Amino acid sequence: MTGTALVLGGGGYTGIGWEIGMLAGLVEAGVDLGTADVVIGTSAGSIVGAQLTSGRLTPEELFARQLVPDTGETAARMGARELARFAYLALRSRDAVDFGVRMGRLAMTARAASGPGRRDAIARRLVCHDWPARRLMITAVDAVTGRRTAFDDTSGAGLVDAVSASCAVPGVWPPVSIGGQRWIDGGVHSSANADLAAGYGRVVVLAPVAAGGGPLASARSQGAALTRRGARVSVIVPDRAARAAFGRNVLDPAKRAAAALAGRRQAAAHVKEVRAVWEE
């Protein structure tokens, strides 16, 4: 196996901040994950991946953006009640595909925020609306069949639409239409979708959501499976300080700056292990 893969998991506004803080902190220590041969982004990670691979801004510049309040972002709710509902549906599901069907049904029947307004907000957040030269994969789940796909520059989907689909949290934002199908958050299949890095020899996973549940594989279990196949893998999840910075609602943009600062501080503790995975 050859090549490097950077996996960026889902986790709301705070996940965006934490991942960018981690990336900036690692670059400061001399480890640049932006050189990955492939970047795999899910939900929050799709935004970070699209920004990182655009080549328009450095990790340090992306970090600086996290510290500036964005008055165009509106807080949504992802609290204990919503998470408990998702967990209940997961426990009733046979597998990740069945869970995807259940979550798709929820997404298509729930009252949610405006689709066009959501797409516009994502378009403003991205620094480029074209697929990058570097390989970028963005996960989403078909709201009808429950099956996961990974959009890329060959899929026919526009980058903004692909990211919007990957971030369409069921019950919070409506499904996104691409190619005559309706798509929901890629995190419905897996919080990180690290299994898509199979075949790459060196893999780093930044996973704002550490846990799995029911039929959904955790980032750590997916990382362990890649290791058994012969890859060198590092899976990093938020430490206690980062989780405290996230607060109780990961979809509150006001927490993004604190999450970014926490991610940057945490990066120092992982430099050695990431360098051992990433460098030949």
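Reading guide: rules and limits
- Residues numbered from 1 in each chain as written.
- Predicted model: local features only at pLDDT ≥ 70, side-chain atom pairs only at ≥ 80, totals over all residues.
- Heavy atoms only, no water.
- Core = buried A, V, L, I, M, F, W, Y, C linked by side-chain atoms within 4.5 Å.
- Buried < 20%, exposed > 50% of the residue type's maximum accessible area, 1.4 Å probe, protein only.
- Helix = DSSP H or I, 4+ residues; strand = E, 2+ residues; numbered from the N terminus.
- Contact = heavy atoms within 4.5 Å.
- Phe/Tyr/Trp six-rings, centres within 6.5 Å; stacked < 30°, edge-to-face > 60°.
- Lys NZ or Arg CZ within 6 Å of the ring centre and 35° of its normal.
- UniProt positions renumbered as here; feature names shortened; annotations may be inferred.
- Pairing = 2+ DSSP bridges.
- Arc of directions from axis to C-beta.
- Lys, Arg positive; Asp, Glu negative; His and termini not counted.
- Salt bridge = Lys/Arg side-chain N within 4 Å of Asp/Glu carboxyl O.

Per an unreviewed UniProt entry, the chain carries the name PNPLA domain-containing protein and comes from Streptomyces rimosus subsp. rimosus.

## Focus: the nonpolar core
Core analysis: the biggest nonpolar cluster contains 72 residues, and L6, L33, V163 and L206 have the highest contact counts within it. Counting residues per element, this core draws most heavily on helix α1 (residues 12-28), which supplies 8 residues. For V163, the residues in contact, after removing those within four places along its chain, are S46, I47, A50, I122, L126 and I138.

## Let's talk about the packing of aromatic side chains
Overall, the coordinates contain 1 aromatic pair when judged by the stated rule. In this structure, R118 packs its charged tip against the face of W173, placed 3.5 Å from the ring centre. Lying over the aromatic face of F63, R264 brings its terminal NZ or CZ to 4.6 Å of the ring centre.

## Digging into the UniProt feature "short sequence motif: GXGXXG" (unreviewed entry) in the chain
Taken from the UniProt record, the annotation "short sequence motif: GXGXXG" (unreviewed entry) applies to residues 10-15. In residues 10-15, helix accounts for 67% and strand for 0%; the two terminal C-alpha atoms are 6 Å from one another.

## Quick word on the pairing of strand β6 (residues 181-185)
Two faces, one strand: in a regular strand the side chains alternate between the faces of the sheet. With 3 bridges joining them, strand β3 (residues 135-142) and β6 adopt antiparallel strand pairing. Its bridge partner being in β6, A140 is matched across the sheet by D185. Bridging between strand β5 (residues 176-178) and β6 involves 3 bridges; their strand directions are antiparallel. Its bridge partner lying in β6, V176 is registered against W183. The antiparallel hairpin formed by β5 and β6 contains 2 residues in its connecting segment, where G179 sits at a positive phi of about 60°.

## Thoughts on the environment of A258
Residue position: A258 is located in helix α10 (residues 256-267). With 244 residues separating them in the primary sequence, A258 and T14 have C-alpha atoms 8.1 Å apart.

## What to know about helix α8 (residues 219-228)
Of the residues making up α8, those classed as buried are A219, Q222, G223 and L226. For α8, the arc enclosing every buried residue in end-on projection is 100°, short of the 170-degree limit, so these residues lie on one face. Close packing links the buried residues of α8 with β7 (202-206) and β8 (232-236). The first or second residue beyond α8 is G230, which carries a positive phi of 110°.

## Let's talk about the side chain of E19
Here E19 is to be found in helix α1. Lacking a salt bridge, the buried E19 has R125 as its closest oppositely charged neighbour, with an N-O distance of 11 Å. Sequence-distant contacts of E19, that is, excluding residues within four places in its chain, are made with L8, G9, A44, G45, V48, L206 and P208.

## As for the pattern of salt bridges
Scanning the entire structure with this criterion turns up 7 salt bridges. The shortest N-O distance in the salt bridge between R102 and D98 comes to 3.4 Å. You can see R102 and its partner D98 sitting in helix α5 (residues 96-109), 4 residues apart, about one turn around the helix. What makes R102 partly exposed here is its relative accessible area of 21%. Residue D98 is classed as buried on the basis of its relative accessible area of 9%. One network of salt bridges, with partners in common, ties together E28, E60 and R264.

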